[in-house]
Amino acid sequence: MPNNKSFYLKLFPAALGIAVLSGFVVVKEGYKDKVRVTEVGKPSNTTINAYYTSNKRPLQQQFFIKLPVTAFTPGGWLKKQLELQRDGLTGHLGEISIWLSKKDNAWLNKEGKGAYGWEELPYWLKGYANIGYVLKDQHMINEAKFWIEAVLNNQRDNGDFGPDVEKGEGKRDLWTNMPMLWCLQSYYEYSGDKRVLDLMTKYFRWQLTIPDDKFLEDYWENSRGGDELSSVHWLYNHTGDTFLLDLATKIDRNTANWRQKDNLPNWHNVNIAQCFREPAQYYMQSGDEKDLQATYNNFRLIRDLFGQVPGGMFGGDENVRKGYDDPRQAIETCGLVEQVTSDNMLLGITGDTHWADNAEDVAFNTFPAAFTSDYKALRYLTAPNMSVSDGKNHHPGIDNQGPFLMMNPFSSRCCQHNHAAGWVYYLEHSWMATPDNGLAAQHYLEGSVKAKVGDGTEVTIQSTTRYPFEDRVNFELSMNKNVNFPLYLRIPSWAPNSTITVNGRTVLSKAQAGQYVKLENNWKNGDKIALQLPMTLSVREWKKNKNSISVNYGPLTYSLKINEEYRRKDSKETAIWDSKWQEGADPAKWPSYEIFPASAWNYALVVDPQHPERSFTVVPKAWPSDNNPFATGNAPVEIKAKGKKVQSWGLDEYGLTAVLPQSPVVTDSKEESLSLVPMGAARLRISSFPVAGTK
């Protein structure tokens, strides 16, 4: 099949026959309803969307444009995750975290002085506020506005705002304001409050006066200049003030060098996930293809060296280290949030489905496993292979000293607050506008999107699905009048031979994976579209990591089903050193947990070397009554497998799952029946398996 295929299909009564010739569907003449179907690698970006803020010249035009947060109404299991966050730690951090205290908080006064005030407040607020916006939860919206109003009302005369922190003589720490700028942008999408534009304009004019040798000098801000770059371009697209382009160049010039061929400026796991995109962001202004390729190279480099594991991430712990690349090396929860965020930003910049695929991989297979099922506790580090999640110090096996593997509501100041944005940012990129006044479905979730398309008509598209646990996504369109606009459906890289129907008629079968299908039609109220993404079993071999394998079914990677024994702990006693409680907060309401295996986990899989997929059987289960498929024991799909115990594979001297044995592994153990569950629903997990060999 060619990369770009276009044809017209007339919708006709099912009783009529069709003939297929050279990629065209030939039907009887005389029917008016037409759908033009085109398979494209990405949409054209030669036009500018008329309704949603796009890049102004001289910036490169995006391929996809982010919709405002108000466009989305979540449903299904994703809505359940957001509600659990609201009712869990995210929704109550303002009552228990000292960093969100309204007493002596540097975010609440014009001088920017106080005992509490750095990244924690904006880290939390950018997720908390957006969850409130999409759930239409007035309590959350009001609480978010309290902090937003404080920021808007306390800008200093010189244009600076926020906590007045210096890292070195005369070197203003700008990092803490970078995530707050994102909070302000979401608030502007929600409210249209012009004070946001005024504050940002004054703030950025002030930054132009800072000498280069005192600008973005501290470690965090120096690494993360890309976060500010996105805000500068965002404001430029709203105001057109050309001084912002000069500031963008200054930011890029003073940000750490993420353009090195075989090296990164630092190897901190969150910095990598958050900052590798900076060259591609500046590409929108420079137009230099080398900038774009530098971001792709960063992604490839870290995964070639430390990412030979399932789940979309890499083994970083706090910092990636040479020789520590086994699947038992972990990633921070912050890193998961930032990777999904980076992927979605790059999706707009490049139009490349690769980034949507990776965001999906991380969101489904790694992110939910970082939390207890009720989202009342989280762990700092999560790995593809972790057979114990306890409060011990596992250093130097992991690059952190302390109880960084246990589930604790105070699992370090950063992740404790930043985790709030994970799911809601994923939702906010599930649909994106296109330059040709259309819409693109990027991440398949139940819920609805409301947006202007075509001639400006507002359309609501309701999605009904249990994806990624089921393979069908149904869409229904609602609008006041017929409107002609293009609708793009992403075909994931794992899903060849996908099928699309419009109003019950097949318009495309065997769609090409890793592409978009563009549907052009004069759409009318009540039109229905169905996307079938046939899920198949597949086995991925990680040759660079002991010839281990992982098992996939559709977009989900599967982990050994391990019985989990939870042991409750006092979260105040087990909190990481830099986590602190508000006075009067009751730690008994927010316990921490160690999780220990209550069944064997050290298995090698028995796999047919010629047809490995035949070694597994998919077993559908009942959909969970609480609508939480990522809860432990709730998975609606399991896979049956065969395996043999590897007696020599256990915990190592650091109390960690030992390094994978080299496959094939010869063992005298008897063959046993095993169950595999989605790795995103497994808090204890073996997702990279050794393969059993024969003598």
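Keep in mind it's a predicted model, so treat the numbers as computed, not measured.

Counting its regular elements, the protein chain contains 17 helices and 29 strands. Based on the C-alpha atoms only, the size of the protein chain along its principal axes is roughly 75 × 70 × 45 Å. For the protein chain, the proportion of its 695 residues judged to be buried stands at 63%. Put simply, 73% of the contacts in the protein chain that link residues at least 6 apart link residues at least 24 apart.

Moving on, we get to helix H6 (residues 195-208). Across its 14 residues, H6 extends 20 Å between first and last C-alpha, which sits within 8% of the 20 Å expected from 1.5 Å per residue. Those residues of H6 lying buried are Val196, Leu197, Leu199, Met200, Thr201, Tyr203, Phe204, Trp206 and Gln207. In this structure, the buried side of H6 is in contact with helix H4 (138-153), helix H5 (177-191), helix H8 (225-239) and helix H9 (243-254).

This part covers the pattern of salt bridges. As a working rule, side chains carrying opposite charge can pair if their charged atoms are close by. A complete count under the given rule lists 36 salt bridges for this structure. A salt bridge links aspartate 227 to arginine 277, with the nearest nitrogen and oxygen atoms 2.7 Å apart. Of this pair, aspartate 227 sits in helix H8 while arginine 277 sits in the loop between helix H10 (269-275) and helix H11 (278-286), and the two are 50 residues apart along the sequence. As far as the burial class goes, aspartate 227 and arginine 277 line up, both buried. When salt bridges that share partners are traced, they join Lys113, Arg156, Asp160, Asp164 and Arg172 into one network.

So, on to the sheet that holds strand E17 (residues 505-511). The strand order across the open sheet formed by seven strands is E6-E12-E13-E14-E19-E16-E17, and the pairing between neighbours is antiparallel. Edge positions in the open sheet fall to strand E6 (72-74) and E17, since each of these has one partner strand only. Averaged over all adjacent pairs, the angle separating strand axes in this sheet is 15°, with direction ignored. Pairing of E6 with strand E12 (residues 447-453) involves three bridges; the strand directions are antiparallel. The residue bridging threonine 73 from the neighbouring strand is serine 448, located in E12.

Examined bridge by bridge, strand E20 (residues 537-542) and strand E21 (residues 548-553) share six bridges and lie antiparallel to one another. Each bridged residue has a counterpart across the sheet, and for glutamate 541 the counterpart in E21 is isoleucine 549. The antiparallel pairing of E20 with E21 creates a hairpin that spans five residues between the two strands, and lysine 546 there sits at a positive phi of about 65°.

Tyrosine 467 connects to proline 468 through a cis peptide bond whose omega is 10°. With respect to the element layout, proline 468 can be found in the loop between strand E13 (457-465) and strand E14 (472-478). At the junction of serine 663 and proline 664, the peptide bond is cis and its omega measures out at 0° in the coordinates. Considering the arrangement of structural elements, one finds proline 664 in the loop between strand E27 (637-645) and strand E28 (671-678). Positive phi values are uncommon outside glycine, yet aspartate 104 reaches one of about 60°. Of note, aspartate 104 is situated in the loop between helix H2 (89-96) and helix H3 (120-135). For aspartate 104, a relative accessible area of 44% gives the class partly exposed. Even without a glycine there, the phi angle at asparagine 437 is positive, about 60°. Tracing the backbone shows asparagine 437 in the loop between strand E10 (431-433) and strand E11 (439-441). Residue asparagine 437 is classed as buried on the basis of its relative accessible area of 16%.

When you line up the elements, serine 231 lands in helix H8. Among the polar contacts made by the side chain of serine 231, one reaches the side chain of tryptophan 182 at a distance of 3.5 Å. With residues near it in sequence (within four places) discarded, serine 231 still touches Leu181, Trp182, Gln185, Met200 and Phe204.

Under the counting rule described, the total for this entry stands at 38 aromatic pairs. Summarising the aromatic geometry, the rings of phenylalanine 64 and tyrosine 516 are spaced 5.2 Å apart at their centres and angled 50° between planes, so their arrangement reads as tilted. In this pair, phenylalanine 64 sits in the loop between strand E4 (34-40) and strand E5 (65-66) while tyrosine 516 sits in strand E18 (residues 515-523), placing the two residues 452 residues apart along the sequence. For arginine 224, the ring lying beneath its charged end belongs to tryptophan 175, and the centroid distance is 4.7 Å.

Turning our eyes to something else, we now look at the confidence of the model for the protein chain. On average, the protein chain scores 93 in pLDDT, and the residues at 70 or more come to 95%. Low pLDDT, under 50, characterises residues 1-32; the stretch is placed with 65 contacts to residues that sit more than four places away or in other chains.

What follows concerns the packing of H11 against helix H13 (residues 333-350). Across the interface, H11 lies against H13 with an axial gap of 10 Å and an inter-helix angle of 30°. When the axes of H11 and H13 are compared, the pair comes out roughly parallel. Where H11 crosses over H13, the two elements pack in a sense that is left-handed. Taken together, the residues of H13 that come into contact with H11 (itself represented by Ala280, Gln281, Tyr283 and Met284) are Met345, Leu346 and Ile349. Its residues assigned to classes, the contact of H11 with H13 comprises six nonpolar, one polar and no charged.

About the criteria used
Residues numbered from 1 in each chain as written. Predicted model: local features only at pLDDT ≥ 70, side-chain atom pairs only at ≥ 80, totals over all residues. Heavy atoms only, no water. Helix = DSSP H or I, 4+ residues; strand = E, 2+ residues; numbered from the N terminus. Buried < 20%, exposed > 50% of the residue type's maximum accessible area, 1.4 Å probe, protein only. Contact = heavy atoms within 4.5 Å. Expected span 1.5 Å × (residues − 1). Salt bridge = Lys/Arg side-chain N within 4 Å of Asp/Glu carboxyl O. Pairing = 2+ DSSP bridges. Axes fitted to C-alpha atoms, helices over the stretch in contact; angles between N-to-C directions. Polar contact = N/O pair within 3.5 Å; in protein donor to acceptor, adjacent residues only side chain to side chain. Phe/Tyr/Trp six-rings, centres within 6.5 Å; stacked < 30°, edge-to-face > 60°. Lys NZ or Arg CZ within 6 Å of the ring centre and 35° of its normal. pLDDT = per-residue confidence, 0-100. Parallel < 35°, antiparallel > 145°, perpendicular 65-115°, else oblique. Left-handed = near helix turned anticlockwise from the far one by under 90°. Nonpolar A, V, L, I, M, F, W, Y, C, P; charged D, E, K, R; others polar.

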